[in-house]
Amino acid sequence: MTAVTPAKTAAPLHWRAWALGIFLLAVSLVAARPSLAQLRVDISGVGATQYPIAIADFAGDAQGQNVAEVIRADLTRSGQFRLVNATGSNLNVESTIAHDEWRGRGADYLAYGSITQSGGQYNVSYRLVDTVRKTQLDGVAFSGTEKELRRISHQIADRIYEKITGVRGVFSTRLAYVLQTGNTYELQIADADGQNPQVMLRSKQSIISPAWSPDGKRLAYVSFETGKPVVYVQTLASGQRVPLANFKGNNSAPAWSPDGQQLAIVLSRDGISQIYTINADGSGLRRVMRSPLIDTEPQYTADGGSLVFTSDRGGNPHIYRVPVSGGDAQRITFNGSYNISPAISPDGNNLVYVTRRNGAFRVALQDMGSGSEQLLTAGPDDESPSFAPNGMQILYSSVQGGRSVLAVTSVDGRVRQTLSALNGKVREPTWGPFTN
């Protein structure tokens, strides 16, 4: 067997997972338990196109200012909007809009609304207008408790984003990641802006490779609590989990099929890490192909018909593609000598991965049609890239200023966000799917 020898000991965890084994100290399940480690967001860069928009405070209740602030923050993080000051506008959902006045202030778009509260239930109504065409683009009402106001604000921001850009917004989606604090590992989920983190699993042993089910209701992941890597599937609402793959040797790298019926996994039951598929209920285990060297990190293509994966069958780790039904694997990365951790964009047009260039681990984007490559990050320790469900951004983990953080880059590399925890190391991120 020829094993990959990374140039440094801090090579990405997914690639090293097949070789790891750790003795159990303690593990505990925590269903939807809030975490104290909020994520702070820093933003740099702007998009190639910026839409000037004013977001007025929502009238009628003190919470209206908070709703507007969440919407502003969401749109700002995208890098595609330029906020126009709406202070003192005193608009409500029934207001008559002076389009020319707002256009004169530099706002091509204006969002405004009202919020009322009765018996602990909040009603939020909003409008979006195009001040250039003098037309209303959107108008909708939401209702929920005070705790749900942040979610409602994200939903409004999603609608604004889609109405103006034509692309579905991802502000209502969630992230999953692993937070290591000292010798404790936590599998957490949080809103896309890093707020509202919740602990799904806490352990004294490593947790790696979280993967969202397509419906966003379950997470598959690898836990080392029994002294070796085992693949579990956990239902988020209840916290209930079951071992999906606990075969002889190592069980690792789960990835869901687009229909949620199967997962691709990596097993060393036959002495070397190879790719298998397995039904979501644990039945129907099937080996995809046979290779004399390591195959790992499988990901389904958008149509569900193929897998992309990492292999050292060519001497160095590169990314290959093979039909799910099996057959000959085709190499698809040729730039550089070290390419790992593949992920396919939701439309199937782009491949993102970690590449090593001049000793630095960086995130690269490759056009699946032309093969052209763009380096999106500078490194030196970028890992685990994951597409947003609209394909416009990429989430990854990074070391910045000596700290392990989550980071987001736009697919053109122009806009970057850093989501950093107040303490601990944040790793193994994955962006959750659309859920409604």
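This text gives an overview of the structure that appears in the document.

Here is what the cut-offs are and how they apply
The residue numbers shown here count from 1 along each chain, following its written sequence. Where totals are concerned, whole chains, interfaces and linings use all residues; where local detail is concerned, this predicted model gives features only for residues with pLDDT of at least 70, and gives and counts side-chain atom pairs only at 80 or more. Just so you know, side-chain values use all the structure's heavy atoms and leave hydrogens and water out. Put simply, DSSP H or I for four residues or longer makes a helix, DSSP E for two residues or longer makes a strand, and each gets a number counted from the N terminus. Residue burial is assigned from relative accessible area. The probe radius is 1.4 Å, only protein chains are included, and a residue is buried under 20% of its type maximum, exposed over 50%, and partly exposed in between. Residues are treated as being in contact if the distance between any of their heavy atoms lies within 4.5 Å. Surface accessibility in these figures is a Shrake-Rupley result with a 1.4 Å probe; residues are shielded only by whichever protein chains are displayed. Strands pair, by our definition, only if DSSP identifies at least two bridges between them. The axes used here are C-alpha line fits, helices contributing only the stretch in contact, and every angle between their N-to-C directions lies in the interval 0 to 180 degrees. Orientation labels follow simple angle bins: below 35 degrees gives roughly parallel, above 145 gives roughly antiparallel, 65 to 115 gives roughly perpendicular, and whatever is left gives oblique. Crossing handedness follows the turn of the near helix against the far one: under a right angle anticlockwise gives a left-handed crossing, and clockwise gives a right-handed one. Gly falls in the polar group here, along with every residue not listed as nonpolar (Ala, Val, Leu, Ile, Met, Phe, Trp, Tyr, Cys, Pro) or charged (Asp, Glu, Lys, Arg). Each helix should span, by expectation, one fewer than its residue count multiplied by 1.5 Å. Residue types Ala, Val, Leu, Ile, Met, Phe, Trp, Tyr and Cys, when buried and joined through side-chain atoms within 4.5 Å, form a set referred to as a nonpolar core. Aromatic pairs are defined between Phe, Tyr and Trp rings, using the six-membered ring for Trp, whenever the two ring centres lie within 6.5 Å; interplanar angles under 30 degrees are classed as stacked, those over 60 as edge-to-face, and all others as tilted.

This part takes up the overall build of the protein. Scanning the protein from terminus to terminus reveals 4 helices and 31 strands. In the protein, buried positions account for 55% of the 436 residues. Sequence separation of 24 or more characterises 47% of the internal contacts of the protein that already satisfy a separation of 6 or more. When the accessible surface of the protein is split by element, carbon and sulfur atoms take 46% of a total near 17,600 Å².

In this section: the pairing of strand β5 (residues 109–118). The buried count for β5 comes to 7 of 10 residues, which makes it a mostly enclosed element. Sheet topology places strand β3 (residues 51–55) next to β5; 3 bridges connect them, and they run parallel. By the bridge assignment for β5, Ile53 is matched with Tyr109. Sheet topology places β5 next to strand β6 (residues 121–130); 10 bridges connect them, and they run antiparallel. Bridge pairing in β6 places Ser114 opposite Ser125. Joining the antiparallel neighbours β5 and β6 is a turn of 2 residues, in which Gly119 adopts a positive phi near 60°.

Let's shift gears to the packing of helix α2 (residues 63–78) against helix α4 (residues 149–165). α4 packs onto α2 with a crossing angle of 45° between their chain directions and a minimal axis gap of 9 Å. Taken together, the axes of α2 and α4 are oblique relative to one another. Handedness of the α2/α4 crossing: right-handed. Contact residues: α2 offers Gln63, Val67, Val70, Ile71, Asp74, Leu75 and Ser78, while α4 offers Leu149, Arg150, Ser153, His154, Ile156, Ala157, Ile160 and Tyr161. For the contact of α2 with α4, the per-class residue count stands at 9 nonpolar, 4 polar and 2 charged.

The next point concerns the sheet that holds strand β21 (residues 318–323). Pairing is antiparallel in the open sheet, where 4 strands are placed in the order β19-β20-β21-β22. Across the chains shown, the open sheet's two edge strands, defined by having one partner strand only, are β19 (295–300) and β22 (330–331). Of the strand pairs in this sheet, strand β20 (residues 306–311) and β21 are connected by 6 bridges, and their pairing is antiparallel. The residue of β21 that forms the bridge with Val308 is Arg321.

Bringing α4 into the picture now. Across its 17 residues, α4 extends 24 Å between first and last C-alpha, which sits within 8% of the 24 Å expected from 1.5 Å per residue. Judged by how many residues are buried, α4 sits mostly within the fold: 12 of 17 residues are covered.

Quick look at the sheet that holds strand β18 (residues 286–287) now. With antiparallel pairing, 4 strands are arranged side by side in an open sheet as β15-β16-β17-β18. The open sheet has two edge strands with one neighbour each: β15 (251–256) and β18. Note that β15 and strand β16 (residues 262–267) share 4 bridges and pair antiparallel. Counted as the bridge partner of Asn251 is Leu267 from β16.

Core analysis: the biggest nonpolar cluster contains 26 residues, and Ile53, Phe58, Ile71, Leu75, Ile156 and Ile160 have the highest contact counts within it. Of all the elements in the fold, those that place two or more residues in this core are β3, α2, β5, β6, β7 (135–144) and α4. Counting residues per element, this core draws most heavily on α4, at 7 residues. Not counting chain neighbours up to four residues away, the residues in contact with Ile53 comprise Leu75, Phe81, Arg82, Leu83, Val84, Tyr109, Leu110, Leu128, Ile160 and Ile164. Counting residues in hydrophobic clusters, the runner-up holds 15 residues, among them Val222, Val231, Trp256 and Leu267.

Quick look at the packing of aromatic side chains now. Aromatic rings considered in pairs are described by the distance between their centres and by the relative angle of their planes. Across all of its chains, the model carries 7 aromatic pairs by this definition. Summarising the aromatic geometry, the rings of Tyr51 and Tyr109 are spaced 6.5 Å apart at their centres and angled 70° between planes, so their arrangement reads as edge-to-face. Residue Tyr51 is found in strand β3, and its partner Tyr109 is found in strand β5; the two are separated by 58 residues along the sequence. The burial state of Tyr51 is the same as that of Tyr109; both residues are buried. Taking 5.4 Å as the distance between ring centres and 80° as the angle between the ring planes, the aromatic pair formed by Tyr338 and Phe361 counts as edge-to-face.

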